[in-house]
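Understanding the architecture of this molecule
Chain residues, written in single-letter form:
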Amino acid sequence: MADKLHFNLVSPERELMAADVDQVDIPGAEGWIGVLPNHTPLMTTLAPGMVRIKAGNDEKHIFVRGGFAEISPAGLTLLAEEAMPADELDAEKIALRVKDAEEDLADADSDEKKLAAQQSLDRLKELQAAL
Amino acid sequence: MANLKDLKTRITSVKSTQKITKAKQMVAAAKLRRAEERATEARPYTQRMEAVLANLAASAEGNPNAPRLLAGTGKDETHLLIVATADKGLCGGFNSSIVRLAREHIVKLQGEGKKVKIITVGRKGDDQLKRLYESLIVWKANFLETKQIGFANAHEIAEKVLAMFKDEEFDVATLFYGKFQNVVMQVPTPQQIIPAVAPQGVETPELKGAVYDYEPDEAEILRALLPRYVAVQIFRALLENVASEQAASMTAMDNATRNAGEMIDKLNLKYNRARQAQITTELIEIIAGAEAL
């Protein structure tokens, strides 16, 4: 595979990563999306979870929460509200976010919001269990 | 002569003021560099977001089901003014010029019979506005305890604004802040954030004939994106405000330091003259005394 995928990860405060990689797996709102070079243009919201970035034999994991992914011929751009390398993530930080998500769920006033809150809570709990 | 001592005290006092302004100027210069960096670092996110939004907004245009954050409430009665200023003074006309712009706006809106609500961000703007419009201020925020403004701060303000919008407390929200042009130019700027103005002239990526797939769907994404766009705009305004404040402060303190220098020179001249005059008087007295013998 000669082609490379141009990957950008930006948070509101700065650009966290810009690199050419082989594959990125992103936690889309409706399931995991494996993005390879020349993926069809796609726009999706993100669920909290680990982004897996593969470049050669290297694999990097970054935790993201909230935001968007945009795939265009120019590459993949993740607009993450929060992003953190996996090795900086610990049980305590996850627990904090689980608590936030639970509060969100309790605050949700419409079915739609409840569903979204429930989804992100489930994802976070999954992550918590995996850690 | 008492006058001599007075002059000396004044010179010392002006000198210590000069030391303060000089120090503040250097602090501002250092902070300005950091603030500018942060504003630059935040740019990619904003740009990407604008590109995505421009793309989506174009397709939502004219759609009766377009989210209210984009289409507005259909009314134009109550205006919310978010006035972002600095928390500290010593930055020349920076705060006053933002407040003046906001005030002109308020007078104009009130003249048209519209209702006005104010959110103040930053202590200085709050101080100035509450003298005139105490009853209109619905909420205030400041960053006195925040060392560095982060996205979380902007998010908090955005949440408040969005909650108010949801409760139909206003129809149009405008943000006032000091746009950072360059070190000598900071332009107080009004920016309408609700209903969202779709950014113009942003580059959208070339799709080579393909169309975007949307997950979940376009409307859903737009609904999720718009509140974030409000937060991003506030965040950017806050970052620019910090940079502008430091730039204004640097210029103001530079002027103050120079003024103090001129004043010291003048006072020194006066002091020397007075001292000379005293010596001459003393000499005359001695000579007159010697002649009398």
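For clarity, every value in this text was computed on a predicted model and none was experimentally measured. (Residues numbered from 1 in each chain as written. Chains lettered and ligands numbered in written order. Predicted model: local features only at pLDDT ≥ 70, side-chain atom pairs only at ≥ 80, totals over all residues.)

Frequently, the measure chosen for interface size is the accessible area that the parts lose on association. On the chain B side, the residues contacting the 22 residues of chain A number 25 residues. The set of elements that each furnish at least two residues to the side of chain A that touches chain B consists of β5 (42–45), β7 (58–72) and β8 (75–85) of chain A. Examining the composition of the side of chain A that touches chain B, we find that four residues originate from one element, β5(A), more than from any other. Of the residues in the side of chain A that touches chain B, the class split is 10 nonpolar, seven polar and five charged. Sheet topology places β5(A) next to strand β6 (residues 213–215) of chain B; three bridges connect them, and they run parallel. Looking at the pairing, Thr44(A) lines up with Glu215(B) of β6(B). (Contact = placed C-beta atoms within 7 Å. Helix = DSSP H or I, 4+ residues; strand = E, 2+ residues; numbered from the N terminus. Nonpolar A, V, L, I, M, F, W, Y, C, P; charged D, E, K, R; others polar. Pairing = 2+ DSSP bridges.)

All names here are of chain A. Per the domain assignment, the segments of chain A are domain 1 (5–86) and domain 2 (90–130). Tallying the contact residues gives five residues for domain 1 and six residues for domain 2. Here the residues of the side of domain 1 that touches domain 2 are counted per class, giving three nonpolar, one polar and one charged. (Domains from an automatic or database assignment.)

On to helix α4 (residues 123–133) of chain B, then. Within α4(B) the residues assigned to the buried category are Lys124(B), Gly125(B), Asp126(B), Gln128(B) and Leu129(B). Considering only its buried residues, α4(B) is in contact with β1 (78–84), α3 (94–111), β2 (115–121) and β3 (137–141) of chain B. (Buried ≥ 20, exposed ≤ 12 C-beta atoms within 10 Å, placed from the backbone.)

All names here are of chain B. Interhelical geometry of α3 versus α4 gives an angle of 35° and a closest axis separation of 9 Å. As α3 runs across α4, the sense of the crossing is right-handed. Mapping the contact onto sequence places Asn95, Ser96, Ile98, Val99 and Ile106 in α3 and Lys124, Gly125, Gln128, Leu129 and Tyr133 in α4. Classifying every residue of the contact of α3 with α4 by side-chain character gives five nonpolar, four polar and one charged. (Axes fitted to C-alpha atoms, helices over the stretch in contact; angles between N-to-C directions. Left-handed = near helix turned anticlockwise from the far one by under 90°.)

In this section: α3(B). Residues and elements named next belong to chain B. End to end, α3 covers 26 Å across 18 residues, agreeing with the expected 26 Å (1.5 Å per residue, within 8%). Regarding α3, the residues found buried are Phe94, Asn95, Ile98, Val99, Ala102 and Ile106. Down the axis of α3, the buried side of the element spans an arc of 115°, and every buried residue falls inside it. Among the exposed residues of α3, those pointing more than 90 degrees away from its buried face are Glu104, Val107, Lys108 and Gly111. In this structure, the buried side of α3 is in contact with β1, β2, α4, β4 (172–182), β5 (185–194) and α6 (218–292). The first or second residue beyond α3 is Gly113, which carries a positive phi of 80°. (Expected span 1.5 Å × (residues − 1). Arc of directions from axis to C-beta.)

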